[in-house]
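So the chains spell out like this:
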Amino acid sequence: MRGQKPAVVAAAVVAALCLGTGVAAAGDGWGAPKPGSDGAGDSYYPQDGNGGYDVADYNLKVTYDPASHQLTGVQDITARATQALSSFDLDLHGLTVDSVTVAGRAAKFARTGDHELVITPSRPLRRGERFAVKIGYHGVPAPIEDPALGANGWQFAKAGGAFVAGEPKSATTWYPVNDTPLDKATFHLAITVPDEWGVIANGREKPSVKAPGGTTHVWAEETPIVPYMTTVAIDKWTFDRTTRADGTPVVSAFAPGVPDSTKQAEARLPEILDFLESKFGPYPIDAAGGIFLNEEIGFSLETMSRPIYSAGWAGDVPTIVHENAHQWYGDSVAVSHWRDVCLNECFASYATWLWDEAKEGVDLNKQYADDVKKASATFWNGKLYDMGAGREFTYVYSKGPMMLHALRNYIGEQAFSRVLKTWPSLHRDGNASVPEFQRYTEVVAHKDLKGFFDAWVYGTGKPADQYLFPGGLKPAA
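Since the model is a prediction, treat every value here as computed from it, not as a measurement.

Turning next to unusual backbone geometry. The amide bond that connects Glu 167 to the next residue, Pro 168, takes the cis arrangement and shows omega of 15 degrees. Among the secondary structure elements, Pro 168 is positioned in the loop between strand S11 (162-165) and strand S12 (185-193). A positive phi is found at His 69, a non-glycine position, where the angle reads about 65 degrees. Here His 69 lies in the loop between strand S1 (53-65) and strand S2 (70-81). Looking at His 69, the relative accessible area reads 26%, which means it is partly exposed.

In structure tokens:
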């Protein structure tokens, strides 16, 4: 924080005096109160998220009955106004809002569109003002159907429990939220369920307490988190609790019926995290572990500190490597916009290449050459940047790691390793874009990378040989 200059302090005093007499001071910087925007402005999902404020913390108290699927919640939000606000929006999909207060006073609220909760406080909020919102709500959560990935958000397990997973949105299905990657916040959850059910969520496990009708399970994620990375899962879990050498708690939960092979794969998590630290720098999250479903869903997901895994994929060590690599690339450093999703998926996918190289002795240059040889024109036309809404999760998994291996050879091992390790620290707990990554890599490598990024990332078509086979790369025989 920079100190205020004397002239600024004087202006602030004058403004305060004018406001005290009910007269707005010209140029005081607050401006006339107006509604916050009903979207964060992402080019793919413009109505997701909201503007006019920044959330610091979500403190959520929930009661859930697996038998009836009924959820009752009280959400406490602490935030700061980034403009003078006459009203502001939160995102909430379905569910019934019962009450809203802002700064302890009853506020008006209304529902509009697919997921907008419009809140009008009893008095306008000043720019820079910190404020608290309390929302009471209830209902039966319902997932959001995605044409590519299927159900996203709150989902019901066949065995009677429930879990939350989805990207680019999921949090809106179970609590009011500013659903944009640009607004990270800490996340605290206290959820009460009948005694026979267990709960796992993000962050560190706190002591549970007996409550009317069951047990309250408490979890705290102190690393600022993007909303879609929050999760909770309710089942009759088998828990595995350990601690990393640095003191980081590791909590993994296995649903009934999960095979022993999955548990054996997750037992390698300490080794996996040590390996990823050697490539990406210190582990940036305050807890670790995994949530292993006995449900076939369309994906596994990098929910912060505790990835959630679909049945059938979780016994695959590379999948565990991939989702934990996201703790650096995607979670600690989140996208600025969804067009930047290569910063998540290209890097997590390449982490499995690095694992195979180090642990399985795979010759990555040969693997790369074989992949180039069999790639089709359709493959080469797949974009890694600004690929369009609904097409984010396509070529980033296949063409993405190939691009990074070519970049490794184009700028050299030393520069590439330095970029991989320092980029997450540079943007820790923040957001970043692909063009920013390009500029940073150019600085580290002392090399103009416009041609490379145009060929591999921004454009389409097969890259010219100078970008396709740089350094030690050669075509397959």
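Picking up after the structure, the text goes on.
Residues annotated by UniProt as "domain: Aminopeptidase N-like N-terminal" (unreviewed entry) correspond here to residues 57-226. As a span, residues 57-226 carries 0% helix and 59% strand, and end to end its C-alpha atoms are 11 Å apart.

Note: strands within a sheet are paired through backbone hydrogen bonds, in either parallel or antiparallel orientation. Taken together, three strands build an open sheet; the order of strands is S3-S7-S6 and the sheet is antiparallel. The strands lining the two open edges of the sheet, one partner per strand, are strand S3 (88-91) and strand S6 (108-112). This sheet shows a mean twist of 25 degrees between the axes of neighbouring strands, independent of strand direction. For S3 and strand S7 (residues 116-120), the ladder comprises four bridges, and the chain directions are antiparallel.

Here the focus is the side chain of His 217. Examined against the element boundaries, His 217 turns out to sit in strand S15 (residues 214-225). Taking the relative accessible area as the measure of exposure, His 217 reaches 14% and is therefore buried. Aside from chain neighbours lying at most four places away, what touches His 217 is Leu 189, Ala 190, Ile 191, Val 193, Trp 197, Val 199 and Ser 208.

Counting residues in hydrophobic clusters, the biggest one holds 140 residues, and the most contacted among them are Ile 119, Ile 135, Trp 174, Tyr 368 and Trp 456. Setting aside chain neighbours within four positions, we find Trp 456 in contact with Tyr 368, Trp 380, Leu 384, Lys 399, Met 402, Met 403, Ala 406, Pro 463, Tyr 467 and Leu 468.

Counted according to the given criterion, the structure contains 34 aromatic pairs. For the ring pair Trp 380 and Trp 456, a centre distance of 5.7 Å and an interplane angle of 65 degrees mean the geometry is edge-to-face. In this pair, Trp 380 is assigned in helix H7 (residues 377-380) and Trp 456 in helix H11 (residues 450-458), connecting sequence segments 76 residues apart. On the numbers, 6.3 Å between centres and 85 degrees between planes, the contact of Phe 452 with Tyr 467 is edge-to-face. Linking Phe 452 in helix H11 with Tyr 467 in helix H12 (residues 465-468), this pair joins segments that are 15 residues apart in sequence. Residue classification places Phe 452 among the buried residues on the basis of a relative accessible area of 0%. The exposure class assigned to Tyr 467 is buried, which follows from its relative accessible area of 14%.

Attention now moves to the pattern of salt bridges. Under the counting rule described, the total for this entry stands at 17 salt bridges. A salt bridge links Lys 61 to Asp 76; the nearest nitrogen and oxygen atoms lie 3.9 Å apart. Here Asp 76 lies in strand S2 and Lys 61 lies in strand S1, a separation of 15 residues in the sequence. Note on Lys 61: relative accessible area 41%, which makes it partly exposed. A salt bridge links Arg 268 to Glu 271; the shortest N-O distance between them is 3.1 Å. A relative accessible area of 29% means that Arg 268 is categorised as partly exposed. Sharing partners across several salt bridges, the network here consists of Arg 244, Asp 246, Asp 274 and Glu 277.

Under the defined criterion, the tally for this structure stands at one disulfide. The residue that forms a disulfide with Cys 342 is Cys 346, at a sulfur-sulfur distance of 2.0 Å. The sign of the -115 degrees torsion about the S-S bond sets the Cys 342-Cys 346 disulfide as left-handed. Of the two residues, Cys 342 and Cys 346 both sit in helix H5 (residues 342-359), four residues apart, roughly one turn of that helix. Per residue, the accessibility class of Cys 342 equals that of Cys 346, and both read buried.

About the cut-offs
- Residues numbered from 1 in each chain as written.
- Predicted model: local features only at pLDDT ≥ 70, side-chain atom pairs only at ≥ 80, totals over all residues.
- Heavy atoms only, no water.
- Helix = DSSP H or I, 4+ residues; strand = E, 2+ residues; numbered from the N terminus.
- Buried < 20%, exposed > 50% of the residue type's maximum accessible area, 1.4 Å probe, protein only.
- UniProt positions renumbered as here; feature names shortened; annotations may be inferred.
- Pairing = 2+ DSSP bridges.
- Axes fitted to C-alpha atoms, helices over the stretch in contact; angles between N-to-C directions.
- Contact = heavy atoms within 4.5 Å.
- Core = buried A, V, L, I, M, F, W, Y, C linked by side-chain atoms within 4.5 Å.
- Phe/Tyr/Trp six-rings, centres within 6.5 Å; stacked < 30°, edge-to-face > 60°.
- Salt bridge = Lys/Arg side-chain N within 4 Å of Asp/Glu carboxyl O.
- Disulfide = S-S within 2.5 Å.

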